[in-house]
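# Inside the fold
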Amino acid sequence: MRLLLIDPVTTARTVPVDERRRLRQGIGYPGLGLLTVAALTPSDVDVRVIDESIEPIPTGFDPDLVGISVQAPTAPYAYELAAGLREQGVPVVLGGIHTSLNPDEARQHCDSIVTGEAELTWPTLVQDFRNGGLKPEYRADRLANLDESPLPRRELLRNQDYRIPHVVQASKGCPFGCEFCSLYCYVGHTPRFRSIDRVIAEIRNITGEAVLFADDNIYARKQYAWDLFRALEEVEQHWIAESTWHIGFDTEALKRAKASGCAGLFIGFDAINEQPQLRKVPHSGKVEEIYIEAIKRILDNRIAVVAAFVLGLDSDDESVFERSLGVVRKGGANLVNFSVLVPYPGTPIFHRLKQEDRITEWDWSKFISPNVCFEPKRMSAEALYEGTRWVQGEFYSLGHVVKNAVRATRQLGWGMGLLSLKLNWAQRCNWGQGTAGD
């Protein structure tokens, strides 16, 4: 049996193939989903995993079954791929976040869908297919035990084509459950954790400059984070992870993180205005001061900061752009990600905005920042689009890219200064040349 697993490229309809692959090499990292599906597949099956952002779908493999992972902006393209394969007589299975949140839509374009985490359904699906009894849907009835999930088959991807090729998952879930978060809808907001011994054993078998934790929030539970960081000290491996701003005020966590090899943290600040639906935004009236202080405290521990903000939430007016830029500049963030709010289909915010008749775009391929797919509450759609492009462009202006590199060198050392220059330049190119909506 031959199985082909495809992760469609997000920018299939907006960026030429060669350009998107160059961009991927500058800032990219592989996903774990299809590598885990491959590991769940019996060993006698010939499996190919294709990340279409770095390599084309093979023409000579002749699969017996194809699985496609679907996200909102890839959905129309994924459905076209599925239609072409089915016309050739190849059965297609659709999975991924968009499929799980929009099963009625997805099942119209394939032979079978997988909803929920594949650990609970994929082995049964493969066996049913081999027996000639593929069912139209395989639905997980609970969340997976992370310690029972197999190690991803990393050897199936061209790791040399990623800036950060090695990705590890220690936990899933984030306790805040933000209204716009598709992962919250998919895996829940109750964090689940792998055994730290298993995480450490996996990392010991990885060779490379750095490991990226794919966790939704590495600081989802303080004690687990402390214990993980302590265990990582023995591995002597640099690592990067995503967290909320709260870690900036945990002196012990930052101390342990640095001692264990933490090179940088992607901090999801999300909003500088209080939002009724966002519990992780401080409700103190001093949001900007808290964020600036969090950035500085992290940097004081010689850990780089990538500051992420979602723009266009209901409390945001046109002042949000300059104020957000002020936060990251005063704090000294090394990189930023200013994104227009994307109300992904199936998320709570999508349902709310739909009920309020504020969804203005129904082509899922447009659901990618800086496209505005809804009617903002306190500014025009045009102001949100232009403001987001302005604030991102201001941070990644040529002068500020150089300034970032100099400051990173002073704060974090020559190695991080050079890396800052490379990553800032890659983001500058990405924003200027490879962003949907250009």
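Residues numbered from 1 in each chain as written. Predicted model: local features only at pLDDT ≥ 70, side-chain atom pairs only at ≥ 80, totals over all residues. Heavy atoms only, no water.

## Focus on the packing of aromatic side chains
Counted according to the given criterion, the structure contains 13 aromatic pairs. Look at F213 and W239: their rings are 5.6 Å apart centre to centre, the planes differ by 85 degrees, and that puts the pair in the edge-to-face class. Here the residue F213 occupies a position in strand β10 (residues 210-213), and W239 occupies one in strand β11 (residues 238-243), the gap between them amounting to 26 residues. Taking relative accessible area as the criterion, F213 reaches 3% and is therefore assigned buried. When its relative accessible area of 1% is taken as the criterion, W239 is described as buried. For the ring pair F269 and Y291, a centre distance of 4.6 Å and an interplane angle of 50 degrees mean the geometry is tilted. In this pair, F269 sits in strand β12 (residues 262-270) while Y291 sits in helix α11 (residues 287-300), placing the two residues 22 residues apart along the sequence. (Phe/Tyr/Trp six-rings, centres within 6.5 Å; stacked < 30°, edge-to-face > 60°. Helix = DSSP H or I, 4+ residues; strand = E, 2+ residues; numbered from the N terminus. Buried < 20%, exposed > 50% of the residue type's maximum accessible area, 1.4 Å probe, protein only.)

## Considerations on the packing of helix α12 (residues 320-331) against helix α14 (residues 381-395)
The contact between α12 and α14 brings their axes to 10 Å, and the two run at 20 degrees. Taken together, the axis directions place α12 and α14 in an arrangement best described as roughly parallel. At the point where α12 passes α14, the crossing takes the right-handed sense. Of the residues in α14, those in contact with F321, E322, L325, V328 and R329 of α12 are A383, L384, G387, T388, W390, V391, E394 and F395. Tallied by class, the residues present in the contact of α12 with α14 amount to 8 nonpolar, 2 polar and 3 charged. (Axes fitted to C-alpha atoms, helices over the stretch in contact; angles between N-to-C directions. Parallel < 35°, antiparallel > 145°, perpendicular 65-115°, else oblique. Left-handed = near helix turned anticlockwise from the far one by under 90°. Contact = heavy atoms within 4.5 Å. Nonpolar A, V, L, I, M, F, W, Y, C, P; charged D, E, K, R; others polar.)

## Considerations on the packing of helix α8 (residues 196-204) against helix α9 (residues 222-232)
Put simply, α8 and α9 touch, their axes get as near as 10 Å, and they point 35 degrees apart. Viewed along their axes, α8 and α9 form a crossing whose handedness is right-handed. Counting all contacts with α8, which are made through I196, V199, I200 and I203, the residues of α9 involved are Y224, D227, L228, A231 and L232. In the contact of α8 with α9, the residues fall into 8 nonpolar, no polar and 1 charged.

## A word on the sheet that holds strand β13 (residues 304-311)
Within the open sheet, the 6 strands sit side by side as β7-β10-β11-β12-β13-β14. Their pairing is parallel. Each end of this open sheet is capped by a strand with a single partner; those strands are β7 (167-168) and β14 (335-340). Strand direction decides the pairing type here: β7 and β10, joined by 2 bridges, are parallel. Note on β10: the bridge partner recorded for V168 is F213. Here α11 sits on the sheet in contact with β12 and β13, set at roughly 155 degrees to β13. Sheet strands in contact with α14 are β13 and β14, and its direction is about 175 degrees off that of β14. (Pairing = 2+ DSSP bridges.)

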